[in-house]
Amino acid sequence: MAEPWDMSKYAIDPELLPWLDMLPTIALTDAESLAEKRASLDEMGSVLPPYDATNAIDVRDELVPGPDGAPEVPVRVYRRAGQEGAQPGLFYIHGGGFVIGGLEMADRFAMPVVDELGIVVVAVDYRLAPETPFPGPVEDCYAALVWTANKASELGIDPARLAVGGESAGGGLSAATALLARDRGGPALSYQYLWIPELDDRLETESMRAYVDTPLWNYPNAVFSWDSYLGEGKRGTADVSPYAAPARATDLSGLPPTVVTVCQFDPLRDEGLEYARRLSQANVPTELRGYAGTFHGSSLVGDAAVTQRAAADQLEDLRRGLEVAS
């Protein structure tokens, strides 16, 4: 059982406060707690109402070639029905601390984005840790990105406007996939969107040390997440790859224009701030969005003004970054 959250320590947005007790509890400590959380998230996903799209959206599932010697990778492609011509494409990577989540999480992101912007979204269902530790998940993402770029014409994607983006662990995997694409000579990416990204296994930032009891994500969960992804005993050691923890990368030059978002009371806040600073220092066009009074996952409170503002910012950032026609 997770300890109750002491709200008096944090200046949480007043519109979010009444929802705290109704948000799901995530306390990851061992294999049993992980199995329970995976099951409860599957159950929650089955009862959430579907997105009511204004435009008809075609959704199809594919199996694409995986990394050498690994299984095929499931992807889900979202595109407005009847749309003609090449559109911007977003390769989307879901969150879940490297250990939970799947394409249902991608549905909740992709449907409104495709509906509003008319872009094509390709979401990847990478293998999860600890069953598949690094480098399996990021190599799944990279293999699926390569397939997306190779199939751009068939998918109706403009290859000059292909971006990568994701939330939380998906933001970290997006940053890592962009590093792989740069270092392996492609595919070319026009933009990356890193939404509250999980980037640094060292867990030494001020926000990470301070936020040990915040809802949905906190220091103890981060410990479990990185131990699962890297393997026991590897977290914080000197030889962790930047393709696992992008904060470890010594050279951030040559990456695509980037937006990084952070929440005020999120243990991941400072690693996102620092990554944005270093991208800017490396002459990568970078914008940073920070939302006062929010915490990791507070976007689940959809009626709050701060959530609606962040959602509007996200659409506008993607519209601008992908050069979507008005």
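The following paragraphs examine the structure supplied in this document. (Residues numbered from 1 in each chain as written. Predicted model: local features only at pLDDT ≥ 70, side-chain atom pairs only at ≥ 80, totals over all residues. Heavy atoms only, no water.)

**Some points on unusual backbone geometry**
Link 1 in the chain: With an omega dihedral of 10°, the bond running from F134 to P135 counts as a cis peptide bond.
Link 2 in the chain: Put simply, G186 and P187 share a cis peptide bond, and its omega is 0°.
Link 3 in the chain: As for its placement among the helices and strands, P187 is situated in the loop between α5 (169-183) and β6 (191-195).
Link 4 in the chain: With a phi angle near 70°, F98 is a residue other than glycine that sits in the positive phi range.
Link 5 in the chain: Take F98: it is sitting in the loop between β3 (87-93) and α2 (103-117).
Link 6 in the chain: Located in the positive-phi region is N283, a residue other than glycine, with phi close to 65°.
Link 7 in the chain: Mapped onto the elements, N283 comes out in the loop between α8 (269-281) and β8 (286-295).
Link 8 in the chain: Assessed through its relative accessible area of 70%, N283 is described here as exposed. (Helix = DSSP H or I, 4+ residues; strand = E, 2+ residues; numbered from the N terminus. Buried < 20%, exposed > 50% of the residue type's maximum accessible area, 1.4 Å probe, protein only.)

**A closer look at the nonpolar core**
Link 1 in the chain: The biggest cluster of nonpolar side chains holds 77 residues, and the ones touching the most others in it are F91, V124, Y229 and Y275.
Link 2 in the chain: By residue number, the principal contributor to this core is α5, which donates 8 residues.
Link 3 in the chain: Leave out the neighbours within four places in its chain, and V124 touches V73, P74, V75, F91, Y92, I93, H94, L103, D140, C141 and A144.
Link 4 in the chain: Listed in part, the 25 residues of the second largest apolar core include I57, F109, L318 and V324. (Core = buried A, V, L, I, M, F, W, Y, C linked by side-chain atoms within 4.5 Å. Contact = heavy atoms within 4.5 Å.)

**Observations regarding helix α7 (residues 219-230)**
Link 1 in the chain: Spanning 12 residues, α7 covers 16 Å between terminal C-alpha atoms, matching the ideal 16 Å at 1.5 Å per step.
Link 2 in the chain: Burial analysis of α7 places 10 of its 12 residues in the buried class, the great majority of the element.
Link 3 in the chain: Within α7, burial applies to N221, A222, V223, F224, S225, W226, D227, S228, Y229 and L230.
Link 4 in the chain: The N-cap of α7, judged by a side-chain oxygen 3.1 Å from the amide nitrogen of N221 a few residues on, is N218.
Link 5 in the chain: Residue G231 follows α7 closely and has a positive phi angle near 100°. (Expected span 1.5 Å × (residues − 1). Polar contact = N/O pair within 3.5 Å; in protein donor to acceptor, adjacent residues only side chain to side chain.)

**Side note on the packing of helix α3 (residues 136-150) against α5**
Link 1 in the chain: For the pair α3 and α5, interaxial distance at closest approach is 9 Å and the crossing angle is 60°. Overall, the two elements α3 and α5 adopt an arrangement that is oblique. The two elements α3 and α5 meet at a crossing, and its hand is right-handed. Taking contact as the criterion, the partners of P137, V138, C141, Y142 and L145 in α3 are, on α5, L173, A176, T177, L180 and A181. (Axes fitted to C-alpha atoms, helices over the stretch in contact; angles between N-to-C directions. Parallel < 35°, antiparallel > 145°, perpendicular 65-115°, else oblique. Left-handed = near helix turned anticlockwise from the far one by under 90°.)

**Focus: the packing of α2 against helix α9 (residues 305-321)**
When two helices pack together, their arrangement is given by the angle between the helix axes and by the axis-to-axis distance.
Link 1 in the chain: With their axes 11 Å apart at the nearest point, α2 and α9 run at an angle of 60° to one another. One element, α2, and the other, α9, form an angle in the oblique class. Helix-helix and strand crossings are classified by hand; for α2 and α9 the assignment is right-handed. Every residue of α9 that contacts α2 at F109, V113, E116 and L117 is listed here: Q314, L315, L318 and R319.

**Some points on the side chain of D201**
Link 1 in the chain: Position of D201 relative to the elements: it lies in the loop between β6 and α6 (206-210).
Link 2 in the chain: The class for D201 is buried, based on a relative accessible area of 0%.
Link 3 in the chain: Side-chain polar atoms of D201 contact the backbone nitrogen of G236, separated by 2.7 Å.
Link 4 in the chain: A polar contact of 2.9 Å, which involves the side chain of D201, links it to the side chain of R248.

**Let's talk about the sheet that holds strand β4 (residues 120-124)**
Link 1 in the chain: With respect to topology, 8 strands assemble into an open sheet ordered β1-β2-β4-β3-β5-β6-β7-β8, the strand pairing being mixed. What marks the edges here is a single partner per strand, and that holds for β1 (57-64) and β8. Geometrically, the sheet is characterised by an average inter-axis angle of 20° between neighbouring strands, direction not taken into account.
Link 2 in the chain: In terms of strand pairing, β3 meets β4 through 5 bridges, oriented parallel. Paired with Y92 across the strands is A123, a residue of β4.
Link 3 in the chain: The strands touched by α5 within the sheet are β3, β5 (157-167) and β6, with β5 carrying the most contacts at an inclination of about 140°. (Pairing = 2+ DSSP bridges.)

**A short note on the pattern of salt bridges**
Close approach of charged atoms lets side chains of opposite charge pair.
Link 1 in the chain: All chains considered together, the criterion is met by 20 salt bridges.
Link 2 in the chain: Of the charged contacts in the structure, one is a salt bridge between D200 and R202, with a shortest N-O distance of 2.8 Å.
Link 3 in the chain: Overall, the relative accessible area of 9% leaves D200 in the buried class.
Link 4 in the chain: Look at R202 and you get partly exposed, because its relative accessible area is 32%.
Link 5 in the chain: Note that D201 is salt-bridged to R248, the shortest N-O span being 2.9 Å. (Salt bridge = Lys/Arg side-chain N within 4 Å of Asp/Glu carboxyl O.)

**Description of the side chain of D213**
Link 1 in the chain: Relative to the helices and strands, D213 resides in the loop between α6 and α7.
Link 2 in the chain: A polar side-chain atom of D213 sits 2.6 Å from a polar atom in the side chain of K9.
Link 3 in the chain: One polar contact links D213 to Y10, side chain to side chain, over a distance of 2.8 Å.

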